[in-house]
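What follows is each chain in one-letter form.
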Amino acid sequence: MDFKNWIAAFSMLLVVSFSACTGGGAKEGDSYFADGNYEKAIGAYDKFLTNDPKNVKVLYNRGRSYEELGDFANAEKDFLKALESDSKNIQVLMSLSNVYQKQKNHSAALLYADYAVEIPGAPAMAYFLKGRALHQLGNTDEALREYSAAIKMDKDFGQAFYYRGLLKIATKSKKSGCEDLNLALKMNFEAAKEVIEKYCQ
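Read on for an overview of the structure.

Basis of the calculations
Residues numbered from 1 in each chain as written. Predicted model: local features only at pLDDT ≥ 70, side-chain atom pairs only at ≥ 80, totals over all residues. Heavy atoms only, no water. Helix = DSSP H or I, 4+ residues; strand = E, 2+ residues; numbered from the N terminus. Axes fitted to C-alpha atoms, helices over the stretch in contact; angles between N-to-C directions. Parallel < 35°, antiparallel > 145°, perpendicular 65-115°, else oblique. Left-handed = near helix turned anticlockwise from the far one by under 90°. Contact = heavy atoms within 4.5 Å. Nonpolar A, V, L, I, M, F, W, Y, C, P; charged D, E, K, R; others polar. Salt bridge = Lys/Arg side-chain N within 4 Å of Asp/Glu carboxyl O.

### Thoughts on unusual backbone geometry
Line of reasoning, step 1. Positive phi is not limited to glycine here, since Lys104 has a value of about 65°.
Line of reasoning, step 2. Inspection of the secondary structure puts Lys104 in the loop between helix 6 (90-102) and helix 7 (106-117).

See the structure below:
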């Protein structure tokens, strides 16, 4: 599973966790979302938000629906609106970081990932997203630190091993980078296989 697909799967888990806390038309939207029918999900969320326009969970889930459709501008709007009501919502902060990453706005991606990691109890994913943004911005030492922080929190975080391995190879630490890539492959992060064949034989 590549980075984009893995992020999508992770985000789906967030929608499912939020859906347990919503009711009425929102549950209909959650059902459509789970089936991959994002346009109908948005319609159901729209109806719910007519009566409860500041509902963080439904705004988040609608934003995720827009994101799945590639409508990053509307996803961004929903996530930012959700933050107006809950400025320390880690899931929303991470999703904003991810949406900006997809738009190649790495500075904004870093900003929201940084907000996320400052919240007590932030998950490994927050540090990983911060590492990805730093990596794209060319801040290699800081990116390595954040990838390592994510791995320290989650020893089975194949994606973090993969990107840390790539960065190590790029910074002339080939042996250590190949070790990371082999670990990523053992964790079924298949993208590592091609890189290993290219750099680690």
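### Re the packing of helix 6 against helix 7
Line of reasoning, step 1. The N-to-C vectors of helix 6 and helix 7 enclose an angle of 165°; their axes lie 8 Å apart at closest approach. The orientation of helix 6 relative to helix 7 falls into the category roughly antiparallel. Seen from above, helix 6 lies across helix 7 with left-handed handedness. Residues Leu93, Met94, Leu96, Ser97, Tyr100 and Gln101 of helix 6 form the contact with helix 7, whose own contacting residues are His106, Ala108, Ala109, Tyr112, Ala113, Tyr115 and Ala116.
Line of reasoning, step 2. Residues of the contact of helix 6 with helix 7, tallied by class, amount to 10 nonpolar, three polar and no charged.

### Digging into the pattern of salt bridges
Line of reasoning, step 1. Scanning the model with the defined rule gives 10 salt bridges in all.
Line of reasoning, step 2. Across the salt bridge formed by Glu67 and Arg64, the nearest N and O atoms sit 3.0 Å from each other. Note that Glu67 and Arg64 are positioned in helix 4 (residues 56-68) at a spacing of three residues, about one turn of the helix.
Line of reasoning, step 3. In this structure, the salt-bridge partner of Glu67 is Lys102, at a minimum N-O distance of 2.8 Å. Residue Glu67 is located in helix 4, and its partner Lys102 is located in helix 6; the two are separated by 35 residues in the primary sequence.
Line of reasoning, step 4. Through salt bridges that share partners, Arg64, Glu67, Glu68 and Lys102 make up one connected network.

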